[in-house]
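Report on the structure
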Number of protein chains: 2
Amino acid sequence: MKARSPHIDEQHLTEQLGATGLRLTPQRQQVYDVLRHKRDHPTAEEVFIRAKKTMPDISHATVYNCLDALVKSGLARQVTLDRGATRYCPNMHEHGHFHCDSCQTVFDVDLPAQAMKLPKGFKADHFDIAIHGVCADCAKKK
Amino acid sequence: MKARSPHIDEQHLTEQLGATGLRLTPQRQQVYDVLRHKRDHPTAEEVFIRAKKTMPDISHATVYNCLDALVKSGLARQVTLDRGATRYCPNMHEHGHFHCDSCQTVFDVDLPAQAMKLPKGFKADHFDIAIHGVCADCAKKK
DNA sequence: CCGCACTTTAGAATTGTTCTAAATCTTGAC
DNA sequence: GTCAAGATTTAGAACAATTCTAAAGTGCGG
């Protein structure tokens, strides 16, 4: 086997983090490696457990910090944004939700009618669509 | 003013709940009224606070129960499904997530390329799309 | 070498949700 | 009506996920 790179794309990591004013630390490297290694959308807790295997002293809070750092620098995504409480709505018509990141309001928006193409055999039951951005009012103010 | 209906669409509520084997109770009525009254996607906590205004003895747990009952009978929706821990993924390519409700696996799926039409002036930053259903494997097994 | 800003750490605190056990309400059978 | 069975509500405890806090560690520029 050829000299394997101990970490995935170290250069890239440093750059992306740097652009956000953050450093590449061993812990962030590790957390990123975990995410890249098994692409099964782990929870923070799962990342913590996996990271511990090669870095036994890493702490819970650090994993959260690192995930945050990665998300901030565009190296990873939170699959379910919208931290915090679940919200409810009585509008049963198929629709999506637009979250204004500036004023925090949630607007109902029409769905793009069409079926998005799914892999063969998959049966969609229902869609949950959240769009993040800035609403008309806030866009004007800025 | 004409005799106002004390509650919204009582008949409909009874039917929908009944179809799921549930009863229409004053608390469920109240929680539903709260949802219908101000359509701002309140959290369970907010529903609790609002419901308390006209039904001071309603309890926290009951609000959760009622919301659950309403969701089960198709009278309301949870805006952010996916109770529990936030998940992360390092796939930065625009994509959606398909959750198999049977085996709990999360699959990446392509997005329906197109811009969904947003109200004028709204600026989308990014989309967060979750599709719930059954994956090919599980569909076969059943 | 020093100071400063960034990080990590352990553990406590907070928040959102679910569970538990007891009390209460409904409903249908008698 | 009366009663039992089952559904529902309640208060509060328990739990889970996340964030906060304060102290210690790290590393780079001067």
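Reading the values: rules and limits
- Numbers given for residues are sequential positions, taken from 1 along each chain in its written order.
- Whichever chain is written first is A, and whichever ligand is written first is 1; the rest continue in order.
- Under the rules for a predicted model, residues below a pLDDT of 70 receive no local features and side-chain atom pairs below 80 are neither given nor counted, while totals for whole chains, interfaces and linings still include all residues.
- To get the side-chain values, take all heavy atoms of the structure and skip hydrogens and water.
- Helical segments are the DSSP runs of H or I of at least four residues, strand segments are the runs of E of at least two, and each set is numbered from the N terminus.
- Type-normalised accessible area, obtained with a 1.4 Å probe on protein chains alone, sets the label of each residue: buried when under 20%, exposed when over 50%, and partly exposed for intermediate values.
- Any two residues having at least one pair of non-hydrogen atoms within 4.5 Å are treated as being in contact.
- Computed by Shrake-Rupley with a 1.4 Å probe, the accessible areas treat only the displayed protein chains as cover when residues are assessed.
- DSSP bridges decide pairing: two strands pair if at least two such bridges lie between them.
- Throughout this description, the term salt bridge denotes a Lys or Arg side-chain nitrogen within 4 Å of a carboxyl oxygen of Asp or Glu.
- Ring pairs shown here join Phe, Tyr and Trp side chains whose ring centres sit within 6.5 Å, with only the six-membered ring taken for Trp; geometry is labelled stacked below 30 degrees between planes, edge-to-face above 60, and tilted in between.
- For every residue, the predictor reports its confidence as pLDDT, a number between 0 and 100.

Looking only at helices and strands, one finds 5 helices and 5 strands in chain A. Looking at chain A residue by residue over its 142 residues, the buried ones come to 44%. The long-range share in chain A, meaning contacts at least 24 apart out of those at least 6 apart in sequence, stands at 49%. Just so you have it, chain A exposes about 8200 Å², and 52% of that area is on carbon and sulfur atoms.

Before going further, it helps to spend a moment on the pairing of strand β5 (residues 123–134) of chain B. With 9 of 12 residues buried, β5 of chain B lies mostly within the body of the structure. Of the pairings in the sheet, the one linking strand β5 (residues 123–134) of chain A to β5 of chain B comprises 11 bridges and is antiparallel in character. The partner of Ala124 of chain A across the bridge, within β5 of chain B, is Gly133 of chain B. Looking at chain direction, strand β3 (residues 95–100) of chain B and β5 of chain B are connected through 4 bridges and run parallel. In the sheet register, Cys100 of chain B faces β5 of chain B, and the bridge partner there is Gly133 of chain B.

This part takes up the pattern of salt bridges. All names here are of chain A. In total, this model carries 2 salt bridges over all chains according to the counting rule given. Measuring nitrogen to oxygen at the nearest pair gives 3.7 Å for the salt bridge that ties Lys72 to Asp68. Here Lys72 and its partner Asp68 are both found in helix α4 (residues 60–72), 4 residues apart, which amounts to about one turn of the helix. For Lys72, a relative accessible area of 58% puts it in the exposed group.

In this section: the packing of aromatic side chains. In the structure shown here, the tally under the stated rule is 6 aromatic pairs over all chains. On the basis of an interplanar angle of 65° and a centroid distance of 4.9 Å, the ring pair of Phe98 of chain A and Phe122 of chain B is categorised as edge-to-face. In this pair, Phe98 of chain A sits in strand β3 (residues 95–100) while Phe122 of chain B sits in the loop between β4 (106–110) and β5, so the two residues belong to two different chains. The pair Phe98 of chain A / Phe122 of chain B is uniform in exposure class, with both members buried. Each residue in the set Phe98 and Phe107 of chain A together with Phe122 of chain B is aromatic and connected to the rest through ring pairs, giving one cluster.

As a further point, take the confidence of the model for chain A. Confidence in the prediction for chain A averages 78 pLDDT; 82% of positions are at 70 or higher. Low pLDDT, under 50, characterises residues 1–5 of chain A; the predicted model gives this stretch 0 contacts beyond four residues in sequence or across chains.

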